[in-house]
Amino acid sequence: MLDALKFFLFVILLLVTIMLNQHVTSKRSAELDLELLWQIQDTKGVYVIQNQTVPSGVYTALEQSMVIGSLLEEYNDVNTSWVGETDWTYRTNLSCLAEDYKYVLLTFHGVDTFASVSLGEQLLGSTENMFVRYRYDVKQLCDGDTHELRLQFRSPVVEARERAKDRALPIVPTCPPDVYHGQCHVNLIRKMQASFAWDWGLSAPSMGIWKPIRLEYYSSALIRDLTVVISELEVSGSERWSIAVRVYLETGLASAQVHGLLTFKIIGVPFLNEADQTLAVMNKTNEHGELLVEHGLTVARNAVERWWPNGYGKQTLYSLYVRWEDEAVNGVKLPNPDTMISEKVIRIGFRTVQLSQERATDGLMFYFKVNDVPIFAKGSNWIPSSVLPERSYDSNYVKFLLYAARDAHMNMLRVWGGGLYESDHFYRLADELGLLIWHDLMFACSMYPSEPDFLRTVQEEVRQNVRRIQHHPSVAVWATNNENEVALRQNWYKTNANYTAYYTQYVELYVRTVLPTVEANDPWRTVLLSSPSNGDQSLKERFIATNPQDPRYGDVHYYNYFLDGWNAAQYRGGRFVSEYGFQSFPAYTSWPEARSYRQAELSQLINHRQHSPLGNAPILTMIELNLPLPRDPSADGYWPELIYLSQLSQAMIVKTETEVYRARRVEHGTMGALYWQLNDVWIAPSWSSIEYGGTFKLLHVWLRDIFAPEHLVAFVNERRQLEVVAVRDTLQPDVQLWDVELRIHRYGSFRLVERIRQERIRVPANTVELVSTWDVYGHLAKQGLHPADHLVLLYAYLHPADGQQGQPAPQPIAENFALLDKLKNIRQEQRVEPTVSISVVSAVCSEQSNLTSVSLEVSVSAPALFVYLQLTPENSTLKQCQFSRNGFLQFQPVRTVQLTCVDPGCRNKIQARDITVRTVNELLVR
């Protein structure tokens, strides 16, 4: 009786939640989360951890019970490697009553990775793919008695090692480089590929229940997934949207007759044909208990607003509600009719997305059109927000990262193929924020097997995840893998000796399995075979292009670590640059060990976490090419200075490269720039613009200007001309008139050397316009001025409207700078060290949002180069602190900067002494 009362209260709570939150998948047929009172232990019983909550992972549980220290601190990535090589058991007690329900299923939405699942003495089955949902019929075991639910996990490290034995053709690479401190053969198992270590991440071969476990009770059919294909059409002069809905019904695990009614509603939007609201269904599910029902809806085009990417318009979303009701509900009086009703709500957006690959004079174009508008894709690459899968679904942290992308004017993120199919929360936020998603399937940087059992589980993985994700308007394109085409063609893993065999595996997996499975479940989007690839051209070359990095086709990944990345002349770009970037070190205050380690110890730790086979050499080389490089690693200030310079160098390299790509939109047909990478999984040297935990590197602060919808780009091109380009991504008005001002400054003085102004520059919408190419070096030489002593500051203003009365203040559009020589070459007389002071003008903290906002004044006695502000380590309780400007040039005596932090409880009072300042000047004057 008590169990029944608990269950009744649960159903009431669930229904209230459904009514309050349209995002929730709602089912009258009930779900019960099995999240509490789990026990975790190793097979020898040495470690027994009680009262655990799932989702969970072994590393997380061991940390929380203080068996191990934080995986992310010191050398715990290797010190805790035994965890991933040990077998573990999860257990809890389950008591349930099947009563009159026709189906009672135990559904595991994510098990990481190899587990035998038992209820009582009965083995229900086994799991082998962390990306697959597993369902087990437990109706006969829901008898009111208490049974132990038990998952016996096998080490993924050991399992991968066993699968590698006695293979005639090794699946390469067999192991990561030694510098990764990782595990081997991850390509043989369907687990997050980065969990065995990557060049930016630690090895954490997790095990556990990383998504919810639910008991599902119902008596008719359950709506598992809804997918949509939304397209524009015109019928007899009537403009409308067509919505082809696919409803995926389930009846347990076996075939059954279904007879009932589906009801469809788009909340607040009438259908053109009222008959579209319902569809009678009389059919039979297949041998797995699944049935696809297709139905068409139409709405007037003017009844809805379009969904647009960030920067192009609103992100209007609509709720599509679908209800299944068994015919028995109205046929006879049932004691519990709700068990024959199932409901689901998804949010959809009315938009079109096309990947255009039309013929160009020198190849094929490659760009996205949204609602028939060409979009220059600006953004980054997304890796999992945590190396531990159960933590990667932290909704607050995911929200923080996606908002940071939106606020930096990004309109696209690429979900990279070595990570995870992300949470529903991730895709909902992408929809809301207008972040288009380039979505890899989860295969990366490797060859993969093609045995029937492997293909079978991959097919199920792709089918389930594409159906779950498909309805989101933010998803723009699928790619079946990351870098596997180029790896095979360019012999990354010494495959040439057996090229035909590896090619056959490639075709079997991606061309014959993954590609058709995606297309069958999502006819709405283009599916690319790889990234990078030559797009349509790769298909013509039997799926492996002669040069998958050909800049005339498809997308490219571009990295060059020893040419001067500050030099714009080295960048050509391609049609779409979906990876590029450069490393830097996280802030000195972000290393917890920095407080207790000596400089030599910190150097050793940083080197341990530097997983690039090239080590720190590219970072040091780029600093040495352009900046004064600290020489003594034993000096107290060595690492704070080197970290600052690494972040400045990274920001300059990505700025330069991105601005060249934006400027070459017309000349080279470049229509996408997605730098590597947005986020991190630990504090370590990497390519990220946001450190693990949320601290912005200089690069991310700069991105607000680099990706600005209206921008003024200036760089010295290959002809040693200063090239100035106006960039507009905005759609209205059709044409703007800009006034552009170039100001030549000496490094050592506030006083302006020269001002050059161009007025009424015609800048059309959604394109780029060359403002000028200028022989700045010849101009300086005529005046006897040395380029090393000067830089150019650029400003763009909206030209006043004709007939405007008086002299209105100019309306600023953009500002930028161009260096004319390397900073290390500034001559002695221009090397000045300004006095820099910080004062707090105001500070306000909202107890409701826990956000503290501080207005700072930065005062300098002389021009300050790349002013770098940081909070001192004593403010460690403040989280996700962001300066509105950082790493900036200050050629005026006073500048205002805003600091925003998360301050739980508003306990901190930030004062001027809490902020440290660095400039390049102080290094130049030594």
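Being a predicted model, the structure only gives us computed values, none of them experimental.

The subject of this paragraph is the overall build of the protein chain. Scanning the protein chain for helices and strands turns up 18 helices and 46 strands. When its C-alpha atoms are laid out on the principal axes, the protein chain stretches across 95 × 75 × 65 Å. The burial tally for the protein chain puts 61% of its 926 residues in the buried class. Across the protein chain, contacts joining residues at least 24 apart in sequence account for 73% of those joining residues at least 6 apart. As displayed, the protein chain has an accessible area near 35300 Å², and 49% of this comes from carbon and sulfur atoms. The centroid of the 86 positive side-chain charges in the protein chain is displaced by 3 Å from the centroid of its 103 negative side-chain charges.

Below, the discussion takes up the side chain of T316. Mapped onto the secondary structure, T316 falls in the loop between β17 (290-300) and β18 (318-326). There is a polar contact of 3.0 Å between the side chain of T316 and the side chain of E305. Those residues in contact with T316 that sit more than four places away from it in its chain are E305, R306, W307, I348 and G349.

Attention shifts here to the sheet that holds strand β14 (residues 238-250). Reading across the sheet, the three strands line up as β13-β14-β17 and stay open at both edges, with antiparallel pairing between neighbours. A strand with exactly one partner marks an edge of an open sheet, and here the two such strands are β13 (222-235) and β17. Averaged over neighbouring strand pairs, the angle between their axes works out to 20° when direction is ignored. Pairing between β13 and β14: 13 bridges, direction antiparallel. Note on β14: the bridge partner recorded for E234 is E239. Along the sheet, helix α9 (residues 452-469) makes contact with β13, β14 and β17, crossing β13 at roughly 60°.

Before going further, it helps to spend a moment on the packing of helix α15 (residues 638-663) against helix α16 (residues 698-706). The N-to-C vectors of α15 and α16 enclose an angle of 25°; their axes lie 9 Å apart at closest approach. The angle between the axes of α15 and α16 places the two elements in the roughly parallel class. Where α15 crosses over α16, the two elements pack in a sense that is right-handed. The segment α15 lies against α16, with Q647, L648, Q650, A651, M652, V654, K655, T658 and R662 engaging L698, L699, W702 and I706. Within the contact of α15 with α16, the residues separate by chemical class into eight nonpolar, three polar and two charged.

Within this numbering scheme, the UniProt entry marks residues 38-211 as carrying the feature "domain: Beta-mannosidase-like galactose-binding" (unreviewed entry). With 13% helix and 33% strand, the stretch residues 38-211 has end C-alpha atoms that lie 14 Å from each other.

Residues F108, L151, M410 and F866 are the most contacted members of the largest nonpolar core, which totals 191 residues. Per element, the largest residue contribution to this core is 14 residues, and it comes from α15. Beyond its immediate sequence surroundings of up to four residues, M410 is in contact with N310, K378, G379, S380, A405, L435, Y675, L678, H700, L703 and F707. The next biggest cluster of nonpolar side chains, apart from the first, holds 30 residues, and it includes L226, I230, V293 and W324.

Let's shift gears to the packing of aromatic side chains. Enumeration over the complete set of coordinates arrives at 42 aromatic pairs. A ring pair is formed by F368 and W438, whose centres lie 6.3 Å apart and whose planes are at 70°; its orientation type is edge-to-face. Taken together, the residues span a long stretch of sequence, with F368 in strand β23 (residues 367-370) and W438 in strand β27 (residues 436-440) at a distance of 70 residues. Per residue, the accessibility class of F368 equals that of W438, and both read buried. Considering the side-chain rings of F443 and Y448, the 5.2 Å spacing of their centres and the 90° angle between planes classify their relative orientation as edge-to-face. Y448 carries the same exposure label as F443, and that label is buried. These aromatic residues form a ring-pair network of at least three members: W198, W200, W416 and W676.

On to the state of the cysteines. Applying the stated criterion across every chain, the model contains four disulfides. Here C96 engages in a disulfide with C142; their sulfurs sit 2.0 Å apart. Taking the torsion about the S-S bond as the criterion, the C96 to C142 disulfide, at about -85°, is left-handed. Here C96 is found in strand β4 (residues 88-97), whereas its partner C142 is found in the loop between β9 (134-137) and β10 (143-154), with 46 residues between them in sequence. Like C142, C96 is buried. In this model C845 forms its disulfide with C906; the gap between the sulfur atoms is 2.0 Å. Since a negative S-S torsion denotes a left-handed disulfide, the C845-C906 link at about -80° is left-handed. A residue pair is termed long-range when its members are at least 10 positions apart, and C845 in strand β40 (residues 836-846) and C906 in the loop between β45 (894-902) and β46 (915-918) qualify at 61 residues. The cysteine C445 is free of any disulfide, with C175 supplying the nearest cysteine sulfur at 16 Å.

Moving on, we come to the packing of helix α14 (residues 617-626) against α15. Axis separation between α14 and α15 bottoms out at 10 Å; the angle between their running directions is 80°. By the angle between their directions, the pair α14 and α15 is classed as roughly perpendicular. In this structure, α14 uses I619, L620, M622 and I623 to contact α15, whose residues at the interface are L642, L645, S646, S649 and I653.

What follows deals with the pattern of salt bridges. Under the defined criterion, the tally for this structure stands at 58 salt bridges. Where E601 meets R598, a salt bridge forms, and the shortest distance between an N and an O atom there is 3.9 Å. On the accessibility criterion, R598 (60% relative accessible area) is exposed. In this structure, R664 engages E667 in a salt bridge whose closest nitrogen and oxygen atoms are separated by 3.4 Å.

Another point: the environment of Q583. Relative to the assigned elements, Q583 resides in the loop between β31 (576-580) and α13 (599-609). Between the C-alpha atoms of Q583 and F271, which are 312 residues apart in sequence, the distance is 52 Å. Setting aside residues no more than four positions away along its own chain, Q583 makes contact with Q610, S612, G615, I619, S646, Q650, P685, S686 and W687. A distance of 2.7 Å separates a polar atom in the side chain of Q583 from a polar atom in the side chain of Q610.

Parameters and conventions
Residues numbered from 1 in each chain as written. Predicted model: local features only at pLDDT ≥ 70, side-chain atom pairs only at ≥ 80, totals over all residues. Heavy atoms only, no water. Helix = DSSP H or I, 4+ residues; strand = E, 2+ residues; numbered from the N terminus. Buried < 20%, exposed > 50% of the residue type's maximum accessible area, 1.4 Å probe, protein only. Contact = heavy atoms within 4.5 Å. Areas by Shrake-Rupley, 256 points an atom, 1.4 Å probe, with all protein chains shown as cover. Lys, Arg positive; Asp, Glu negative; His and termini not counted. Charge placed at Lys NZ, Arg CZ, Asp CG, Glu CD. Polar contact = N/O pair within 3.5 Å; in protein donor to acceptor, adjacent residues only side chain to side chain. Pairing = 2+ DSSP bridges. Axes fitted to C-alpha atoms, helices over the stretch in contact; angles between N-to-C directions. Parallel < 35°, antiparallel > 145°, perpendicular 65-115°, else oblique. Left-handed = near helix turned anticlockwise from the far one by under 90°. Nonpolar A, V, L, I, M, F, W, Y, C, P; charged D, E, K, R; others polar. UniProt positions renumbered as here; feature names shortened; annotations may be inferred. Core = buried A, V, L, I, M, F, W, Y, C linked by side-chain atoms within 4.5 Å. Phe/Tyr/Trp six-rings, centres within 6.5 Å; stacked < 30°, edge-to-face > 60°. Disulfide = S-S within 2.5 Å. Salt bridge = Lys/Arg side-chain N within 4 Å of Asp/Glu carboxyl O.

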